[in-house]
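Structural overview for review
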There are 2 protein chains.
Amino acid sequence: MMSSLRLKADLIKPLMLKAFTSRLLNAVSAQHIVESIVQTSLRGVDSHGINLFPHYCRSVVSGRINHHPQFSFPQTHASAAVLDADHAAGHHAGIVAIEKAMELASHTGVGAVAVRNSSHYGAAAYFALHAAEKGFLAFSFTNADALVKAFGGKAPFFGTNPVCMAAPMASESPFCLDMATSLVSWNKIRNYRTANQEIPHGWAYDADGEFVTNPHEAVSLEPAGGYKGFGLGMMVDILCALLASGPISKDILPMFASAPEAQRRIGHFFMVLSIKHFTEPNTFANLLQNMAERIRNMERLQPQMDVMVPGDPEKAAYQRNLSGGVHVDTEKFAEFLEILPEFSETLC
Amino acid sequence: MMSSLRLKADLIKPLMLKAFTSRLLNAVSAQHIVESIVQTSLRGVDSHGINLFPHYCRSVVSGRINHHPQFSFPQTHASAAVLDADHAAGHHAGIVAIEKAMELASHTGVGAVAVRNSSHYGAAAYFALHAAEKGFLAFSFTNADALVKAFGGKAPFFGTNPVCMAAPMASESPFCLDMATSLVSWNKIRNYRTANQEIPHGWAYDADGEFVTNPHEAVSLEPAGGYKGFGLGMMVDILCALLASGPISKDILPMFASAPEAQRRIGHFFMVLSIKHFTEPNTFANLLQNMAERIRNMERLQPQMDVMVPGDPEKAAYQRNLSGGVHVDTEKFAEFLEILPEFSETLC
């Protein structure tokens with residue numbers, strides 16, 4: 001629907017790093033934002049990939065993202081910790097948190113870290129995959145500003161608060177489920193706005209809490225599975241806001257429609273399980289591989305449509321985009337060129 | 001749709017205990033089955049409440065439920081453990097497991113226990129509420145026989161594998177989300193079969209993987225939120241089967257349509273967080289109370305319909321049923337009377 005261009009992933013990374021560090025962001029934060037958004041675009045999740053690069057640049061310039069965050073752990077116990085992220089880039093805060101959770105899990109079997117005072121952390125999968133690639137089973141959650149309509153109400157209350165889990169497989173990259181608890185993402189509604197196209201009935205609501213097909217009138221989203229998705233959104237907010245002592249979704253500023261310098265105080269929650277504390281890790285990875293293959297080999301409903309496991313579309317996209325380039329919306333690419341004209345040389 | 005009778009909860013408990021113990025089930029297992037099914041019926045969840053009493057009696061007689069299970073912990077670490085339930089009543093196994101998780105969490109902040117060789121554990125909420133009533137935040141998961149259609153396939157693969165979380169609130173019983181990862185429960189389809197009524201389009205599939213309205217042709221369920229519910233079902237099976245070293249949903253015998261003496265080797269997974277290791281517990285309970293009240297006080301979509309938080313329908317049912325009696329299907333009550341004629345004296 002949106003016109004897009006393709007860029008070479010390996011060529012854009014150093015330019016993005018340069019853009020962030022020349023705006024005085026510390027090199028580690030810059031590294032994590034870039035790694036996350038490029039990985040996410042490679043995985044074909046364009047809503048949370050490099051299309052957000054100009055937004056993150058603005059957040060660095062405005063000071064929403066702290067250039068030199070001082071991370072601290074106001075709580076640390078054998079298996080539980082709380083990280084105060086000091087308004088760091090969420091991508092950086094999340095890696096600090098999940099590495100702490102991995103360290104705790106290595107000793108006790110489980111590590112859980114709640115994060116407060118963070119910012120948008122991009123794709124939840126970045127952190128869960130980081131741990132799964134090192135052999136852990138990991139969960140990643142974040143809250144976000146209110147966009148999902150309350151069950152029985154007119155207005156939104158919870159964010160699209162994703163649930164994400166990753167775990168190692170024997171002969172391919174980790175299993176990864178990464179799902180918003182809304183039926184579709186808010187970014188999809190934004191795309192329909194840009195294209196001035198009607199959205200399908202059942203995706204979004206207007207200010208009166210009625211289904212709407214005009215994307216410009218949409219103010220809230222349908223939860224995934226009706227009241228069940230709303231319940232999952234509340235579960236995520238309890239973990240990310242209440243355990244971390246931060247604001248709940250309803251009190252978080254919107255990502256785009258708030259003052260660019262305003263800090264959003266987003267909360268995350270990570271839980272890491274050390275597989276060897278439960279079972280033999282190679283056996284686990286083989287069993288998960290076998291489970292996935294049994295699903296993929298089931299009789300198909302439609303001959304041309306694969307039976308899929310969560311993460312399979314992302315793995316296929318990764319292979320395609322590694323050679324064919326990552327997608328960027330044409331209008332976003334104009335912003336890339338304003339940031340650094342050298343991006344013109346990264347076009348496929 | 002089904003005709004039902006109402007029974008006095010306090011009068012049926014001793015009769016049920018007598019029925020189980022006279023069938024040689026140990027008193028602790030009997031206690032937990034009875035506590036769970038009566039609590040669940042009080043909460044209005046009739047699919048997992050006292051309607052299952054005759055089934056559990058048969059499972060005791062047949063030996064599917066081990067009369068004198070020897071619980072063992074093949075793995076025990078600071079925050080992680082595996083329980084071999086020796087084919088105990090799932091209600092008993094689950095309590096042993098979550099109490100272990102609570103003990104671990106008290107010391108380290110988090111406790112996670114995977115359970116193998118268990119049987120049907122009833123409502124997931126029984127265990128999470130048990131921990132939440134003692135001040136913990138708790139998750140409860142179980143796998144089950146394959147009933148949810150694979151995404152893109154024709155046949156079911158995962159069970160209705162529920163996700164359940166409970167946490168303490170300041171001035172009412174704990175928050176509790178307890179949801180099957182299917183759109184509706186299999187029990188609902190069974191009720192439509194009994195009543196010989198068409199099921200709504202979109203709930204269930206026939207053997208060709210097509211939506212079906214004839215309940216007798218239904219062989220699989222639609223996942224909640226489409227592929228998202230299927231993904232959550234896989235997440236639950238990874239926790240309950242792979243970490244516990246037990247069979248996955250696809251390999252678990254059906255609850256009713258298998259040999260009554262066959263042991264099903266169901267797996268569960270419990271995770272308990274000690275709130276005080278993250279934040280001040282009273283503050284947490286107040287914040288959760290406040291979150292729930294803000295949702296309930298939102299502007300209503302329909303004047304006669306409350307804005308609700310997960311668990312609110314169950315809390316309302318509990319108050320109603322405590323005075324008005326718990327529901328039992330009329331045909332199930334005939335089985336109660338065969339088991340013990342004294343149940344006739346428990347009618348409201």
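Values in this document were obtained by computation on a predicted structure and should not be read as measured data. (Residues numbered from 1 in each chain as written. Chains lettered and ligands numbered in written order. Predicted model: local features only at pLDDT ≥ 70, side-chain atom pairs only at ≥ 80, totals over all residues. Heavy atoms only, no water.)

1. Details of the sheet that holds strand 8 (residues 163-167) of chain A
All names here are of chain A. Definition in use: DSSP bridges decide pairing: two strands pair if at least two such bridges lie between them. Helical segments are the DSSP runs of H or I of at least four residues, strand segments are the runs of E of at least two, and each set is numbered from the N terminus. Axes here refer to lines fitted to C-alpha atoms; in helices the fit is confined to the stretch in contact. Angles between the N-to-C directions go from 0 to 180 degrees. We call two residues in contact when some of their heavy atoms are within 4.5 Å.
Spatially, 7 strands are ordered 2-3-4-12-5-8-9 in an open sheet, and the strand pairing comes out mixed. Each edge of the sheet is formed by a strand with only one pairing partner; in this case those strands are strand 2 (72-76) and strand 9 (175-179). Ignoring which end each strand starts from, the neighbouring axes of this sheet average 15° apart. Pairing analysis gives 7 bridges linking strand 4 (residues 110-118) to strand 12 (residues 266-273), with the strands arranged antiparallel. Along strand 12, the bridge assignment pairs valine 110 with leucine 273. Its contacts with the sheet put helix 7 (residues 227-242) on strand 4, strand 5 (137-142), strand 8, strand 9 and strand 12, and the angle it makes with strand 5 is roughly 95°.

2. Focus on the domain arrangement of chain A
Residues and elements named next belong to chain A. Definition in use: Reported domain spans reflect what an automatic or database domain assignment gives. By buried area we mean how much accessible surface two parts lose on assembly, using a 1.4 Å probe and totalling the loss over both.
What the domain assignment reports for chain A is domain 1 (1-62 + 325-348) and domain 2 (68-182 + 223-296). Taking only C-alpha atoms, the centre of domain 1 and the centre of domain 2 are 23 Å apart. Facing the 17 residues of domain 1 at the interface are 18 residues of domain 2. In total, about 1,500 Å² of surface goes out of reach between domain 1 and domain 2, with carbon and sulfur atoms giving 62% of it.

3. Section: the nonpolar core
Short version of the rule: Buried Ala, Val, Leu, Ile, Met, Phe, Trp, Tyr and Cys residues form a nonpolar core when they are joined through side-chain atoms within 4.5 Å. Relative accessible area decides the class of each residue, using a 1.4 Å probe on protein chains only: under 20% of the type maximum gives buried, over 50% gives exposed, and in between gives partly exposed.
Counting residues in hydrophobic clusters, the biggest one holds 88 residues, and the most contacted among them are Leu137 and Phe269 of chain A together with Leu137 and Phe269 of chain B. Sequence-distant contacts of leucine 137 of chain A, that is, excluding residues within four places in its chain, are made with Met165, Ala166, Ala167, Met271, Val272, Leu273, Ile275 and Phe284 of chain A together with Ile238, Leu239 and Leu243 of chain B.

4. Re the interface of chain A and chain B
This is how the line gets drawn: Basic side-chain nitrogens of Lys or Arg form a salt bridge, by our definition, when they fall within 4 Å of a carboxyl oxygen of Asp or Glu. Classification convention: Asp, Glu, Lys, Arg as charged; Ala, Val, Leu, Ile, Met, Phe, Trp, Tyr, Cys, Pro as nonpolar; all other residues, Gly among them, as polar.
Taken together, the 77 residues of chain A in the interface contact 77 residues of chain B. Together, the buried faces of chain A and chain B total about 6,300 Å²; carbon and sulfur atoms form 76% of this surface. For lysine 154 of chain B, the salt bridge is made with glutamate 299 of chain A, and the minimal N-O distance between the two is 3.1 Å. No other element matches helix 7 of chain A, which puts 10 residues into the side of chain A that touches chain B. Among the residues making up the side of chain A that touches chain B, the classes are represented as 49 nonpolar, 15 polar and 13 charged.

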